[in-house]
Amino acid sequence: MATVLVVGAGPTGLALACELLGRGVDTVVADRAPGPAAGSRALGLTARGMEILHWLGAAGELPRRAVAAMGAGVYAGPRRLAHVRARPQEPPSVFLIGQAEVEAALRDRVAELGGTIRWEHELVDLAAGDGRVTAILKGPQGEARHPADWLVGCDGAHSTTRSLAGIAFEGDALPQTFLIADARIDWDRPADETAVWLHPDGVLAALPMPGDGQWRITASLPEGARVDTDRPEELLRRLLAERRGEPAPRLEAGGPVSAFRVQRRLAARYRSGRVLLAGDAAHVHSPSGGQGMNLGLGDAHNLGWKLALVANGRAAPELLDSYAAERRPVAAATVRDTTALTEAALSDRAAHRLLREWVVLPLSRTAPVRRQLMRAVSQLDTGYRRGPLAPATAPGGRALELLTGAPRPGDRGPDAEVRLPDGSTGTLLARMRGGWSLLLFGPPTPVQRELATGLRERLGPDLRVLKVANSTKTANTASWVDELLVDHCRAVRRGYRPARRDAVLLRPDGHIGWRALRGTDPVSWLSALLDRGAVR
Ligand SMILES: Cc1cc2nc3c(=O)[nH]c(=O)nc-3n(C[C@H](O)[C@H](O)[C@H](O)COP(=O)(O)OP(=O)(O)OC[C@H]3O[C@@H](n4cnc5c(N)ncnc54)[C@H](O)[C@@H]3O)c2cc1C
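Because the structure is predicted, anything quoted here is derived from the model rather than measured.

What follows covers the overall build of the chain. When helices and strands are tallied, the chain shows 15 helices and 28 strands. In terms of C-alpha radius of gyration, the chain reaches 24 Å, essentially the compact-globule figure of 24 Å for 536 residues. Dimensions of the chain along its principal axes, counting C-alpha atoms only, are 75 × 60 × 40 Å. Here the chain holds 536 residues, and the buried ones make up 53% of them. Of the accessible surface of the chain, which amounts to about 23,200 Å², a share of 52% is contributed by carbon and sulfur atoms. Each charge sign in the chain was given a centre, from 70 positive and 59 negative side chains, and these centres are 6 Å apart.

Laid out in structure tokens, this is it:
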């Protein structure tokens, strides 16, 4: 049986281990630390990040424990420049929960799946040969060779894997230093809204955390400025008073203040032979917008099913190149956008300030821009339309897609509530059970049957054929359908906008692989994906 060594037990490595173990791949996680990391790091779990945790069976208590961020305000001193708030019926774009809790939930899931995390095992060297990769791991008993079929470096920004594989990490650091601290603060700010104060010395942000009166404070310092981080309460009080232009509230620091420089870097490649990179090992960027940890979860979710297919001998290794082709552009866009956001917030040039305060912030109050912003932060619209796995459009297909506004191959398949024939409710993505799913709309037809049979020949039990009907009365199911889903609130139809007798094939990461509107042959598409790792 093929084996995978995951280096690094941060959120990316743990999520990847869940993906692989859940798909029957023999996986070991090694981390040089003596145990789980504590301390303040990422706080924002995007809606897509939470969806991925559900997908992995690792969400546990997190949705209940997290603060659902429903709004944000931008201020200059006490003056409010902009304010956005989700409507009560809108789902949150971001959940605020500490990275340590997310990692704990993922570790629990790794244990449930029978996986092992080897703490105090540091990757110190790599040796290739005999069609495998051998990691030299330094543990409490000294150095030992650990051969594996594949090695994935999820070992963070200073990745040893990346250096040993000779992959460049291109980019630079922003000149400012950032501070981060958690505190219990006695003030009357809404407990489900984040706030940002713009000040000539830099920005200060306050984010509510789980727990009564708990807040995360981050602040940028001007270039070259030095502060005394040994007295956290004094420092926080001073920053809160200066940047808000109001007396400091009563507060109690929850730990030390950490100082860090923001790097913006992207790995030149994500794969070198049998070695791959994911998470911070492949990309680092400004924490503005809270995307970092989630980007790593997205990498793991994209790589997991592909590596499992390759490791289990069911797809060609070239499929792994589609991982970089799909995920690297997402990381590049995040590096670009978060840099622009950070620079826009930090710039004190008069022209930038005017543009920010009189154009950008007022625009953010308009409904379309507000919706767009919330979608962008949620990461729900991250997709791979231009990637190597999206089928070309047949004549007429593009026009139909534009006309109906239907999601296209590469897009994330929207989730929706459905009713099962026994009357209980569930979600569409949960019914996929982590595999391939063929959604069929309209009454079963011979063409649909042929489609399901052709795909099943290649995918076997990994394919679930799901028939979507408006009610159990109108459902006319067939023996080749695995499950009937009743679209009782029309949420599936609203999400997928199907044409008559449409069919949509969802990949194991919930993105649309193929849909009938494209007019291409799905079985040839699937064969190209599995045999060549590219469909065009
Ligand atoms: C102070 C701070 C504040 C942050 N704030 C935010 C924020 O607000 N929002 C946000 O989205 N992100 C934030 N981040 C970034 C976020 O924490 C990272 O994006 C996230 O941790 C990346 O996860 P990862 O699993 O890829 O890497 P990491 O979490 O860095 O995990 C890497 C793991 O690899 C292990 N390792 C390293 N080298 C080796 C080796 N040679 N052998 C074996 N194991 C090794 C390490 O011990 C570690 O456990 C912050 C980071 C820091 C440091």
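With that out of the way, let us pick up the pairing of strand S12 (residues 150–153). Here S12 shows a buried face lined by Trp150 and Val152 and a second buried face lined by Leu151 and Gly153. As paired elements, strand S1 (residues 3–7) and S12 share 4 bridges and run parallel to each other. Counted as the bridge partner of Val4 is Trp150 from S12. By the bridge criterion, 3 bridges tie S12 to strand S20 (residues 275–277) in an arrangement that is parallel. In the strand pairing of S20, Gly153 is matched with Leu277.

Moving on: the sheet that holds strand S10 (residues 132–139). Strand order in the open sheet formed by 3 strands is S9-S10-S11, and the pairing between neighbours is antiparallel. Each having just a single partner strand, strand S9 (122–129) and strand S11 (142–148) make up the two edges of the open sheet. The average angle at which neighbouring strand axes cross in this sheet is 25°, direction not considered. Summarising the sheet, S10 and S11 pair through 7 bridges and their orientation is antiparallel. What sits directly across from Lys138, in S11, is Glu143.

On inspection of all chains with the given rule, the structure shows 7 aromatic pairs. Between Trp305 and Trp436, the aromatic rings sit 5.5 Å apart at their centres with planes inclined by 85°, giving edge-to-face as the arrangement. Of this pair, Trp305 sits in helix H7 (residues 292–311) while Trp436 sits in strand S24 (residues 436–441), placing them 131 residues apart in sequence. One aromatic cluster is present, formed by Tyr75, Trp187, Trp197 and Trp215 through successive ring pairs. One residue, Arg162, lies across the ring of Phe169, its end atom 3.6 Å from the ring centre.

Bringing the pairing of strand S16 (residues 214–221) into the picture now. Here S16 lies mainly inside the structure; 6 of its 8 residues are buried. Looking at chain direction, strand S13 (residues 169–186) and S16 are connected through 8 bridges and run antiparallel. Residue pairing for S16: Asp182 is matched across the bridge by Arg216. In sequence, strand S15 (residues 202–208) turns back onto S16 through a hairpin of 5 residues, with Gly211 there showing a positive phi of about 110°.

One can read the domain layout of the chain as domain 1 (3–66 + 95–171 + 263–347), domain 2 (174–261) and domain 3 (397–532). Taking only C-alpha atoms, the centre of domain 2 and the centre of domain 3 are 48 Å apart.

Let us look at the state of the cysteines. Each disulfide consists of one covalent bond between the sulfur atoms belonging to two cysteines. Evaluation of the coordinates by the stated rule reveals 0 disulfides. The thiol sulfur of Cys154 is not disulfide-bonded, and the nearest other cysteine sulfur, from Cys18, lies at 12 Å.

This part takes up the side chain of Arg243. For Arg243, the location among the structural elements is in helix H6 (residues 232–244). No salt bridge is formed by the buried Arg243. Its closest oppositely charged neighbour is Asp201, at 4.9 Å. Among the polar contacts made by the side chain of Arg243, one reaches the main-chain carbonyl oxygen of Val203 at a distance of 3.0 Å. Within the local environment of Arg243, its side chain forms a polar contact with the backbone oxygen of Ser220, the two atoms lying 3.0 Å apart.

Pairing is mixed in the open sheet, where 6 strands are placed in the order S8-S2-S1-S12-S20-S19. Taken across any chain shown, the strands that pair with only one partner, and hence form the sheet edges, are strand S8 (116–118) and strand S19 (271–272). The sheet contact formed by S19 and S20 spans 2 bridges and is antiparallel. Following the sheet pairing, Ser272 is matched in S20 by Val275.

This brings us to the packing of H7 against helix H8 (residues 321–346). Viewed as axis vectors pointing N to C, H7 and H8 meet at an angle of 170°, and their least axial separation amounts to 10 Å. As the angle between them shows, H7 and H8 are arranged roughly antiparallel. On the side of H7, the interface is formed by Leu295, Gly298, Asp299, Asn302, Leu303 and Lys306, while H8 contributes Ser322, Tyr323, Glu326, Arg327, Val330, Ala331 and Thr334.

Another aspect to go through is H8. The end-to-end C-alpha separation of H8 is 37 Å, in line with the 38 Å expected for 26 residues at 1.5 Å each. Considering bend angle alone, the principal kink of H8 is centred on Arg327 and spans about 25°; proline Pro329 follows within four residues of it.

Each value, and the rule that gives it
Residues numbered from 1 in each chain as written. Predicted model: local features only at pLDDT ≥ 70, side-chain atom pairs only at ≥ 80, totals over all residues. Heavy atoms only, no water. Helix = DSSP H or I, 4+ residues; strand = E, 2+ residues; numbered from the N terminus. Rg over C-alpha atoms; globule rule 2.2 N^0.38 Å. Buried < 20%, exposed > 50% of the residue type's maximum accessible area, 1.4 Å probe, protein only. Areas by Shrake-Rupley, 256 points an atom, 1.4 Å probe, with all protein chains shown as cover. Lys, Arg positive; Asp, Glu negative; His and termini not counted. Charge placed at Lys NZ, Arg CZ, Asp CG, Glu CD. Pairing = 2+ DSSP bridges. Axes fitted to C-alpha atoms, helices over the stretch in contact; angles between N-to-C directions. Phe/Tyr/Trp six-rings, centres within 6.5 Å; stacked < 30°, edge-to-face > 60°. Lys NZ or Arg CZ within 6 Å of the ring centre and 35° of its normal. Domains from an automatic or database assignment. Disulfide = S-S within 2.5 Å. Salt bridge = Lys/Arg side-chain N within 4 Å of Asp/Glu carboxyl O. Polar contact = N/O pair within 3.5 Å; in protein donor to acceptor, adjacent residues only side chain to side chain. Parallel < 35°, antiparallel > 145°, perpendicular 65-115°, else oblique. Contact = heavy atoms within 4.5 Å. Expected span 1.5 Å × (residues − 1). Bend = angle between axes of the 7 residues up to and from the residue.

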